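Read off the chains here:
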Amino acid sequence: MRQSIRANRGDRLYDAVNYTILTLLLLAVAYPLYFVIIASFSDPKLVASGKVLFWPRSLDIKGYIEVLNYAPIWTGYRNTLIYTTLFTALSVMTSLLAGYALSRKPFPGKTLVTAFLLFTMFFNGGLIPTYLLMKEIGLYGNPLVIVLLGAVNVTNIIISRTFIKSTIPDELFEAASMDGCSHFSFFFRIALPVSKALIAVLVLFAAVSQWNSWFNAMIYLRDQQLMPLQMVLRDLIVSQSAMSMASDSADMGGDAAAQIYLVEAMRYAVIIVSTLPIMCVYPFVQKYFVKGVMIGSVKG
Amino acid sequence: MRNSKSRATMIGLCIALIIALLAGCSSQKEEAGGSSGASASQETSDGMADGGMTNLTGYPITKEPIKLKAVVAYSALRPNMDKTEIWKYVAEKTNIDLEVEVLKDAEKVDLMFASNDFPDLILGVAMNSNQLTSAAEGGQFVEIEPLLEQYAPTWSSFMKENKLVYNGSLAADGKLYGLPYIDFAPFDRNLRDQWIIMESWLKELNLEIPKTTEEFKNVLQAIKDNAGKGTIPSDVIPYYFQFDGYVGGQFDIYGSFGVYVTSPDYLYVDNGVVKDQSTNPKIKEPLKYLRDLYQSGLIPPEVFTDDGNTYVSKISSLPPLVGSYHSYANRQPELGTAMGPIDSGNGQKPFIRSQAYVAGPANTAVITKNNKYPAATVRLLEAIATDLELELTVSRGVKGTLWDYDAEGKAYQLFWEESPDKMAENSAKLGLHNSFVALKDQSFYADKWKELSYDVKNTRAWAYEHVYKDAVLPNDMVYVEGALGADDVSLTNQYRTDLTNYRKTVFADFITGRQDIDAGWDAYVKQMNKLGLEQFVELRQKAYDVIAK
Amino acid sequence: MKLAGTAREREALKPLRLRMWDNRQLYLFLLPAIALVIAFNYLPMYGIMIAFKDFKPHLGIIDSPWVGLKHFDRFFSMPMFEVVLKNTLLISFYVLIAGFPLPVLLALALNSTTNQRMKKLVQTVTYAPHFISIVVVVGMVNIFFSPSMGIVRNLLDMLGVHEGNLGVLMNASSFPHLYVWSGVWQGLGWSSIIYLGALSAVDQSMHEAAIIDGASKFQRVMRIDLPSILPTIVILLILESGTIMNVGFEKAFLMQNSFNISTSEIINTYVYKIGIKEGQYSLSAAIGLFNSGINFIMILVVNQISKRLGQESLW
């Protein structure tokens, strides 16, 4: 009894402080987000001159209309959904398999493979040889290239390895293998179900990175029908890239500013349109972050 | 134990790398092998053109329909350059079907050059001199001059007569590989930015359009004092510009004080000699004037911190937010009007900047060695230069939507870039404008085109005619540049970056008053020289000589 | 215990072939990753040579002439080299020091909060900024901190704290702060996700045991939660340090203005401005290789330190 009372007071203080800090954080982070939302409904000129503060000014949904009327957006959504699903499946599977393998006790070639994979995190041949390779093996223009390129993410493999290593000790496998359990069944029957949080994180990382990506599509795909969402949106908002802003419009001999005018209205609407779907994924993933019932089966 | 393990690892990695190298070798050999093959058939022999496919005169250009693959770099105002209706027109008339691929990004253009993967025809891709020269060196492009002499007399004589255009299009090996986009409208070329002032506010305040620096300051002060009254908003920005931007920047203030600057690098040309203005002590006067305006609160600090989009938003604001700004086009034609450069009273004639009669841009049609019908291609380019309807369709867009003929047989514009909404609506019918070739030289504007906007108040043409004609810098003072070799370009860019970075910081400090102009001047000049100003100007002179000889 | 040790030694003495056969399933597990990496990373690896050659497209990578370290020399002897290197490193370390601990703290705080609504709300709000593009983020920074008409300036003016124009955007010294903290704003929630994931695998029975022993919540968080996710933290720290030279080009470039060039010119923006894009493949490859080299060295160092301290390591 005495202990629970003591624990209560100290805990209550902790909770109160925690709550306050989180609230302050919430407010600090939320305002700019709120700004993006109200800016997407406002006249872009007022936004730029700092007139939009707490509510939309000069209600203007023109940005949304332009964006949503742009037919290729729907193909873009469809393509991105397909690419994201396939990519996530491939990426998560390879990360889990490789992470699991590397988390086991040393076996011949383990260090070699680790070094082999890590090396690619720093040194790569660059865009030119990769491009040439794609052309050669016939992946240029093929939507498969979006799914395959980048599916192996060494950082994710390392994260998987760390997670699995610290949650599934070797002794457990030793015990299971003595009962005739192979790595395969151990992996699928025990390791995976217990690593729900890890899988959730990997899925989230893979899905979001694919959802936001456009570079590979831009370089390796030609057919407009295959373009993912972000590529389509980039077409709408040419000034999204720093490069285009850098171009000296004096060379263009004309009214470059007219381009910018066309695009301003859509800038904030595009953010909402392109990120709302993927942001909705997180709550689904969140529920896997429940405090797991862990492997209390191996103590000491 | 550990040692042998790490040794094994090292050996394993080395093996992996060697495999990779070998893989690279074989793929490269194929690349190299493949590229040198096909050049034989392209040489047009005397007699039949393109192996008999191309007619030497008249339409259609080829006996049978042919397909040519082309690439063009993306442009936001003309997003559908691959699917536009004009290609149908071209195919019907000439039998040449241009299949255009739009390259969405500079990376892709870069890759095209790096991998030697060219189509038949390269349209406007903002090719830089390094790319052009290295592709030429590699034999990827077809020298176009001999073809011009045979099949394109109009272009041939134009290039001979317009040295600036010709020299500005050459690769570093001195040969011509492409044709340019030419638009020599006097109201376009003879003026850089208009200087816009909000006439409606002046009328409200009973003020005249300022003609001297004193008057300009007073007008700005009056606008500021009357913020919130009438149509002047309470958060009005009296004078606004994009600091140190050649477009939209403060350069015409310099010109008002007799310090003429005709390039973003603060250069100008004096009788063929390239001179620097950034360290000319005479520039202290306009800088002091700007400092004065800044400290009176007539220039907001945002001129230094706003990015391009914000800048455009503010000057395009309707109702207007800015009292005076510099811009290619008048953003509020009903309310603002063009004003001439102001007189500083220091005895120097105020001039406003002009542009040169150069290609805009050059090399918007380059024939590659993969092209099986170079003669047909050149004939097409010639047809664009001579056939008015074809030229305007390819350049502006479908007849009847973008332009039409008037009663006297001259062509006139129905709408263009000043109406971005109409552009977006009709994006399927737009022409390629400056992403392809056109020959709109002085004779075009004299005989074939009726520019209606001269009569419409506050258009650029009207402003040129009524305000700027006699106040623009002579074209030969405008700095222009030709192509240099890769090493020179590299050095030039390095000097330019270092000098620009430093100069921008110092001038910003001068104008905001953080550094005193007189006190800090000598140290500034010294540092500029240390950063390589002299060598930079020499290189710029070299580039100028290439184009102007 | 002793038995297990000997078992390991016995294991290691088995002939190589046998050991490999025993672990054949693991090799199968590794196969997809290895195959993809060979195909997409190692086959194009010969491109590294571009940095040591004068790459001419028409000759191809293999046949372009060797120039050894010429491009590296050129890069190191550029007058601005030291300044841009210093700026890059300053910002990277600042990002690491400021940006690394905060997501961990956030994850610990969220995980230990009892109010589920608050937890979900804070999670969703803090991870949303990750999706906003850099261009918009920088645009907002410029709008909020605008010297004469920004909301921050108006707020400070109203509160009587600061009069006149806000000098934040006009000072070179404020660039690193703006860069780093806007980055923290953007990445805080997103980076905390992985720690939340790791925290969810913490053994609840340990917490229960601790409560019975009379530990306060704070103690439980510090003594159970934190150590449990220490391996994850360390590994991520090591991985982060391997990105030291990857200071974002786009963000710095967009945030540059006439006043902050002395602190905002990083390697990548400088290299971009001197026209590296103009077909100077070799020079830009050399600079890229230099960046990778520094990254690699950093990771080696941090990994070694971590090993010495008895913690997780990459290998």
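Data block above holds the structure.
Just so you know, these numbers come straight off a predicted model, no measurement behind them.

**Description of the overall build of chain C**
Link 1 in the chain: Helix and strand counts for chain C stand at 17 helices and zero strands.
Link 2 in the chain: Relative to a compact globule of 315 residues, whose C-alpha radius of gyration would be 20 Å, chain C shows 25 Å and is clearly more extended.
Link 3 in the chain: Projected onto its principal axes, the C-alpha positions of chain C cover 70 × 65 × 30 Å.
Link 4 in the chain: Expressed as a percentage of the 315 residues in chain C, the buried residues total 46%.
Link 5 in the chain: Within chain C, contacts between residues at least 6 apart in sequence are counted, and of these 67% link residues at least 24 apart.

**Let's talk about helix α17 (residues 281–308) of chain C**
Given 3.6 residues to a turn, an α-helix orients residues that are three or four positions apart in the same direction.
Link 1 in the chain: End to end, α17 of chain C covers 40 Å across 28 residues, agreeing with the expected 40 Å (1.5 Å per residue, within 8%).
Link 2 in the chain: Following α17 of chain C by one or two positions, G310 of chain C has its phi on the positive side, about 80°.

**As for the interface of chain A and chain C**
Link 1 in the chain: On the chain C side, the residues contacting the 82 residues of chain A number 82 residues.
Link 2 in the chain: Considering only residue class, the side of chain A that touches chain C consists of 52 nonpolar, 24 polar and six charged.

**A look at the sheet that holds strand β2 (residues 96–103) of chain B**
Residues and elements named next belong to chain B.
Link 1 in the chain: Spatial ordering of the open sheet is given by β2-β1-β3-β12-β4, a layout of five strands whose pairing is mixed. Two strands close off the open sheet at either side, each with one partner strand: β2 and β4 (178–179).
Link 2 in the chain: Here β4 runs beside strand β12 (residues 365–367); their pairing, made up of two bridges, is antiparallel. What sits directly across from G178, in β12, is V366.
Link 3 in the chain: Contacting β1 (66–73), β2, β3 (121–122), β4 and β12, helix α15 (residues 374–386) crosses the sheet at an angle of about 165° to β12.

**Side note on the nonpolar core**
Link 1 in the chain: Counting 309 residues, the largest nonpolar core has V201 of chain A together with A70, L123 and L381 of chain B as its most contacted members.
Link 2 in the chain: Looking at this core element by element, the count peaks at eleven residues for helix α11 (residues 196–211) of chain A.
Link 3 in the chain: Not counting chain neighbours up to four residues away, the residues in contact with L381 of chain B comprise A152, W155, L179, A365 and V437 of chain B.

**Section: the environment of Y524 of chain B**
Link 1 in the chain: Positionally, Y524 of chain B belongs in helix α21 (residues 517–530).
Link 2 in the chain: Overall, the presence of 20 C-beta atoms within 10 Å leaves Y524 of chain B in the buried class.

**Remarks on the sheet that holds strand β11 (residues 336–338) of chain B**
Paired through backbone hydrogen bonds, the strands of a sheet run either parallel or antiparallel to each other.
All names here are of chain B.
Link 1 in the chain: Here four strands make up an open sheet; going across it, the order is β7-β10-β6-β11 and the pairing mixed. Both outer strands of the open sheet, β7 (237–239) and β11, are each paired with one neighbouring strand and no more. Direction aside, the axes of adjacent strands within the sheet are offset by 30° on average.
Link 2 in the chain: The pairing of strand β6 (residues 194–198) with β11 spans three bridges and is antiparallel. Counterpart to I196 in the pairing with β11 is A338.

**Some words on the environment of F107 of chain A**
Link 1 in the chain: Relative to the helices and strands, F107 of chain A is located in the loop between α4 (72–103) and α5 (110–122).
Link 2 in the chain: A count of 18 C-beta atoms within 10 Å places F107 of chain A in the partly exposed class.

**A look at the packing of helix α11 (residues 174–199) of chain C against helix α13 (residues 217–241) of chain C**
Residue and element names in this part refer to chain C.
Link 1 in the chain: For the pair α11 and α13, the least separation of the axes is 9 Å and the interaxial angle reads 135°. The angle between the axes of α11 and α13 places the two elements in the oblique class. Here α11 and α13 pass one another in a crossing that is right-handed. Packed against α11, whose contacting residues are I194, Y195, A198 and L199, the element α13 presents D225, I229, T232 and L236 at the interface.

**A closer look at the pairing of β1 of chain B**
Residue and element names in this part refer to chain B.
Link 1 in the chain: As defined by bridge partners, β1 adjoins β2 across eight bridges and the pair is classed as parallel. Among the inter-strand pairings, A73 is bridged to a residue of β2, identified as L103.
Link 2 in the chain: One crossover worth recording links β1 to the parallel β2 by way of helix α2 (residues 86–94), and it is right-handed.
Link 3 in the chain: With two bridges connecting them, β1 and β3 associate as parallel partners. Counterpart to A70 in the pairing with β3 is L121.

Rules and cut-offs
- Residues numbered from 1 in each chain as written.
- Chains lettered and ligands numbered in written order.
- Predicted model: local features only at pLDDT ≥ 70, side-chain atom pairs only at ≥ 80, totals over all residues.
- Helix = DSSP H or I, 4+ residues; strand = E, 2+ residues; numbered from the N terminus.
- Rg over C-alpha atoms; globule rule 2.2 N^0.38 Å.
- Buried ≥ 20, exposed ≤ 12 C-beta atoms within 10 Å, placed from the backbone.
- Contact = placed C-beta atoms within 7 Å.
- Expected span 1.5 Å × (residues − 1).
- Nonpolar A, V, L, I, M, F, W, Y, C, P; charged D, E, K, R; others polar.
- Pairing = 2+ DSSP bridges.
- Axes fitted to C-alpha atoms, helices over the stretch in contact; angles between N-to-C directions.
- Core = buried A, V, L, I, M, F, W, Y, C linked by C-beta atoms within 7 Å.
- Parallel < 35°, antiparallel > 145°, perpendicular 65-115°, else oblique.
- Left-handed = near helix turned anticlockwise from the far one by under 90°.
- Right-handed = clockwise from strand over helix to strand, strands pointing away.

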